[in-house]
Amino acid sequence: DYPVTLTVINAAGSDSITKTSYIHVAPNFSQYHGLAVENFEGSSSYYWNWFTFNYDNNPHSWQLSNATGYSGNHSFAMNAFGNYANDVDAFITPKFDLTYLTGGQFTFKVAAATAGLTATDVNDVLKVYTSIDCGATWSLKLTMSGSGTAVTNLINNGNYSSYFVPTSSSQWTQHQFTIPVSLAHDNIKFKFEYTTGNASNNIYIDDINITGTMGVNENSFDANSVNIFPNPTNQSATIAYHLDK
């Protein structure tokens with residue numbers, strides 16, 4: 001990651017501000033290939049491959065939780081309790097190579113609560129996006145808000161007046177969307193973007209999985225791509241060939 005410094009100069013003088021780790025240069029390869037299961041139990045994988053964006057640079061942001069999880073002791077948590085409304089925070093997954101995926105489903109589990117007492121206060125929003133150009137553009141795939149357990153509802157644990165931490169697997173709800181063939185790409189990323197409501201509490205995400213069927217790509221040989229030598233031979237020979245990507 002690289003810092004960025006902005007300097008403003010006028011007749012009265014100059015002033016600067018520096019943002020640390022503001023620009024990330026991603027590797028030119030995918031960290032995950034094919035079907036994926038991520039339960040955040042391997043913390044080193046999170047710190048190396050997952051990226052958070054705290055746009056307001058405040059104490060409320062996405063972070064790895066060591067306190068709770070659906071299938072273990074870890075999850076991805078947004079500590080939104082006590083935060084102000086309309087604060088936007090995001091996290092982005094590593095790159096996935098889904099070139100040969102068919103029937104793909106992107107699934108994840110959520111445990112979320114609100115500090116609000118009225119329906120108008122339960123206006124938190126979680127959006128999930130995909131990108132196949134390293135984050136230059138994003139395509140919205142799922143929007144979650146309101147209360148309940150449906151696939152489009154976010155707050156599934158009602159009101160908590162104190163700092164919410166899920167303690168049971170029954171407090172988690174699975175959400176999902178289909179990965180179309182057009183996104184069976186060798187360089188796809190997913191982004192979770194959360195916006196606080198009028199009276200937010202904490203949100204936890206775990207078990208981010210990609211399911212489906214992985215196929216193979218058959219490469220055919222032709223006379224220009226295969227070379228057999230020595231030719232003729234009566235004992236052994238060497239086959240040299242070139243495979244197009």
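One can find the structure itself at the top, above this paragraph.
What you see is a predicted model, and the numbers here were worked out from it, not measured in a lab. (Residues numbered from 1 in each chain as written. Predicted model: local features only at pLDDT ≥ 70, side-chain atom pairs only at ≥ 80, totals over all residues. Heavy atoms only, no water.)

J.: Give me the lowdown on the sheet that holds strand 14 (residues 189–195), citing residues and values where you can.
T.: Judged by pairing direction, the sheet is antiparallel, and its 5 strands sit side by side in the order 5-8-14-11-12 without closing on themselves. Bordering the open sheet on either side are strand 5 (51–54) and strand 12 (139–145), each of which pairs with just one other strand. Across the sheet, the axes of successive neighbouring strands diverge by a mean angle of 15 degrees, strand direction being ignored. Sheet analysis places strand 11 (residues 125–131) next to strand 12, joined by 6 bridges and oriented antiparallel. Residue pairing in the sheet places Leu 126 in a bridge with Met 144 of strand 12. (Pairing = 2+ DSSP bridges. Helix = DSSP H or I, 4+ residues; strand = E, 2+ residues; numbered from the N terminus. Axes fitted to C-alpha atoms, helices over the stretch in contact; angles between N-to-C directions.)

J.: Give a description of the packing of aromatic side chains that names residues and reports values.
T.: Using the criterion set out here, one finds 21 aromatic pairs in the structure. Seen in terms of ring centroids, Phe 53 and Tyr 55 are 6.1 Å apart; in terms of plane orientation they differ by 20 degrees. Their pairing is stacked. Plain terms: the ring middles of Phe 108 and Phe 192 are 5.0 Å apart, the flat faces sit at 85 degrees to each other, and that makes the pair edge-to-face. Separated by 84 residues along the polypeptide, Phe 108 in strand 10 (residues 101–114) and Phe 192 in strand 14 bring together distant segments of the chain. The same class applies to Phe 108 and to Phe 192, which are both buried. (Phe/Tyr/Trp six-rings, centres within 6.5 Å; stacked < 30°, edge-to-face > 60°. Buried < 20%, exposed > 50% of the residue type's maximum accessible area, 1.4 Å probe, protein only.)

J.: Now, about the pairing of strand 15 (residues 200–214): what can you tell me, with residues and values included?
T.: Strand 15 sits mainly inside the fold: 11 of its 15 residues count as buried. Across 3 bridges, strand 4 (residues 36–38) lies against strand 15 in antiparallel orientation. By the bridge assignment, Glu 38 is partnered in strand 15 with Ile 208. Relative to strand 15, strand 7 (residues 75–78) runs antiparallel, the two sharing 3 bridges. Bridge pairing in strand 15 places Phe 76 opposite Ile 205. As judged from the 10 bridges shared by strand 10 and strand 15, these two strands associate in the antiparallel manner. Each residue of the ladder has a partner; that of Val 110, found in strand 15, is Ile 205.

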